[in-house]
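# Fold and geometry: a report
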Amino acid sequence: WWIVYDQDEHRVIDSNVYVVESRGEAMILDPGGFEIFPQVFAALSEIVAPSKIKAAFVSHQDPDIASSLPLWNACNPKIQWYIPKLWEGFIRHYGALDATFIDIPDEGIDILLGGRRLDFVPAHYLHASANFHVYDPQAQVYFSGDVGAALLPPGHGAWVDRRGEDGAEGDKTFAAHMENGAKYFHQRWMPSDTAKKHWIERVRKLQIDFLCPQHGAIYSGAHVRRFFDWFDALPVGSATK
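Residues numbered from 1 in each chain as written. Predicted model: local features only at pLDDT ≥ 70, side-chain atom pairs only at ≥ 80, totals over all residues. Heavy atoms only, no water.

### Overview of the sheet that holds strand β8 (residues 116–122)
Heads up, the condition is: Only when DSSP finds a minimum of two bridges between them are two strands counted as paired. Labels follow the DSSP assignment, with helices taken as runs of H or I lasting at least four residues and strands as runs of E lasting at least two, numbered in each case from the N terminus.
Taken together, 6 strands build an open sheet; the order of strands is β7-β8-β9-β10-β11-β12 and the sheet is mixed. Looking along the sheet, the strands with just one partner apiece sit at the ends: β7 (109–113) and β12 (219–220). Bridge count for β7 against β8 is 5 bridges, and the pairing is antiparallel. Bridge assignment links Ile111 to a residue of β8, and that residue is Leu118.

### Let's talk about the packing of helix α5 (residues 168–189) against helix α7 (residues 222–233)
To be explicit about the condition: For helices, the axis comes from a line fit to the C-alpha atoms of the stretch in contact; other axes are also lines fit to C-alpha atoms, and the angle between any two N-to-C directions lies between 0 and 180 degrees. For classification purposes, an angle smaller than 35 degrees is called roughly parallel, one larger than 145 roughly antiparallel, one from 65 to 115 roughly perpendicular, and anything else oblique. By the definition used in this description, the sense in which the near helix is turned from the far one sets the handedness, with an anticlockwise turn below a right angle giving left-handed and a clockwise turn giving right-handed. Contact between two residues is taken to exist if any of their heavy atoms lie within 4.5 Å; hydrogens are not considered. Under the scheme applied, nonpolar residues are Ala, Val, Leu, Ile, Met, Phe, Trp, Tyr, Cys and Pro; charged residues are Asp, Glu, Lys and Arg; polar residues are all the others, including Gly.
Look at α5 against α7: their axes get within 11 Å of each other, and the N-to-C directions meet at 45 degrees. Between α5 and α7, the angle falls in the class oblique. For the pair α5 and α7, the sense of crossing is right-handed. Residue-level contacts link Gly170, Asp171, Thr173, Phe174, Met178, Ala182, Lys183 and His186 of α5 to His223, Arg226, Phe227, Trp230 and Phe231 of α7. Grouping the constituent residues of the contact of α5 with α7 by class yields 6 nonpolar, 4 polar and 3 charged.

### Remarks on the pattern of salt bridges
To keep it simple, the criterion reads: Whenever Lys or Arg places a side-chain nitrogen within 4 Å of a carboxyl oxygen from Asp or Glu, that contact is recorded as a salt bridge.
Evaluated as defined, the whole model comprises 13 salt bridges. Salt-bridge contacts for Lys54 lead to Glu25; the nearest nitrogen and oxygen are separated by 3.6 Å. Residue Lys54 is found in strand β4 (residues 53–57), and its partner Glu25 is found in strand β3 (residues 25–29); the two are separated by 29 residues along the sequence. Across the pair Lys183 and Glu179 runs a salt bridge whose closest N-O atoms are separated by 3.9 Å.

### Details of the nonpolar core
We count it as follows: To qualify as a nonpolar core, a set must consist of buried Ala, Val, Leu, Ile, Met, Phe, Trp, Tyr and Cys residues joined through side-chain atoms within 4.5 Å. For every residue, the accessible area (1.4 Å probe, protein chains only) is compared with the maximum for its type, and the residue is labelled buried under 20%, exposed over 50%, or partly exposed between those bounds.
The biggest cluster of nonpolar side chains holds 29 residues, and the ones touching the most others in it are Tyr142, Trp199, Tyr219, Phe227 and Phe231. Where this core is concerned, the elements lending two or more residues are α5, α6 (193–203) and α7. Examining the composition of this core, we find that 5 residues originate from one element, α7, more than from any other. Excluding its chain neighbours within four sequence positions, the residues that come into contact with Tyr142 are Val121, His133, Val134, Tyr135, Trp199, Val203, Leu206, Ile208, Phe210, Leu211 and Cys212. Among the nonpolar cores identified, the runner-up in size contains 27 residues, and Ile3, Ile36, Val48 and Ile83 belong to it.

### Side note on a nonpolar patch on the surface
What counts is decided by this rule: For patch building, the residue pool is restricted to those with more than 30% relative accessible area and no salt bridge; the joining distance is 9 Å between like charges and 5 Å between nonpolar side chains (Val, Leu, Ile, Met, Phe, Trp, Tyr). A 1.4 Å probe and the Shrake-Rupley method give the accessible areas. Residues count as covered only by the protein chains that appear here.
Together, Ile13, Leu151, Tyr184 and Trp189 make up an exposed nonpolar region whose accessible area comes to about 330 Å². Looking at where Leu151 falls in the secondary structure, it is placed in the loop between β10 (141–145) and α5. Look at Leu151 and you get partly exposed, because its relative accessible area is 33%.

### Re empty space enclosed by the protein
Heads up, the condition is: Using protein atoms alone on a 1 Å grid, points that fit a 1.4 Å probe yet trap it form a cavity, whereas open point sets bounded by protein on both sides within 12 Å along at least five of seven lines form a pocket; residues with an atom within 4 Å of a point count as lining. Grid points are joined across faces, edges and corners, and a volume is the space filled by probe spheres set on the points.
Within this structure, the stated rule accounts for 1 cavity of 30 Å³ or more. Along the wall of the largest cavity there are 14 residues; nearest its centre are Tyr18, Leu29, Asp30, Phe143 and Gly145. At the level of secondary structure, the elements contributing two or more residues to the lining of the largest cavity comprise β2 (15–22), β9 (132–136) and β10. Its residues assigned to classes, the lining of the largest cavity shows 7 nonpolar, 6 polar and 1 charged.

### With respect to the layout of surface pockets
The computed volume of the largest pocket comes to approximately 220 Å³. Taken together, the elements giving at least two residues each to the lining of the largest pocket come down to β2, β10 and β11 (210–213). Residue contributions to the lining of the largest pocket peak at 4 residues, all from β2. The residue inventory of the lining of the largest pocket, partitioned by class, reads 12 nonpolar, no polar and 3 charged.

In structure tokens:
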């Protein structure tokens, strides 16, 4: 499931919240900030009972990722929170000191959710120093956090334009998307070319049909390969516009 928070006035950055459900168990991925909790909770309640949320995944420490943690914990204190080990002491500052935290080691781990394997994939320095993504090998869906993110205008579509996705038209629509919202984001927020290269080498070995970032639109099909090629060639780590 995909829950998007998008508003006409950008008081807060737009956020994509994802939910994986398998055999009656659910995990919420990067549940979002305090500001958007009411909207996300209401939308989630239409598809999954909050009591079925077994676990939550936090990719890194930013407030748009996890400042809603104490509110979710108040609604369901049984949620197990998977967080980067490096950031535990920082994430606790959001509150909910009684929440159940499970540290993700730097090398990542695999877990089972309703019998479905989920892989927590290291993506360190993209952009946080301890950072992870989630890969569902059965669905071939890769939840990429801030990698692939784009700062798009309100009302943007759910997908990077899929018209002519496998051909020349797909090349044009992909290039337009990157120039309109993704290029500056990646150059400004991603600090390390070395980390970027390591990540690309790792994920190119995976079967990925959908690349799902935490901001902006979802990449599908040939756009996933286009993104890897584009990101591989992009110089990052500069504060110059």
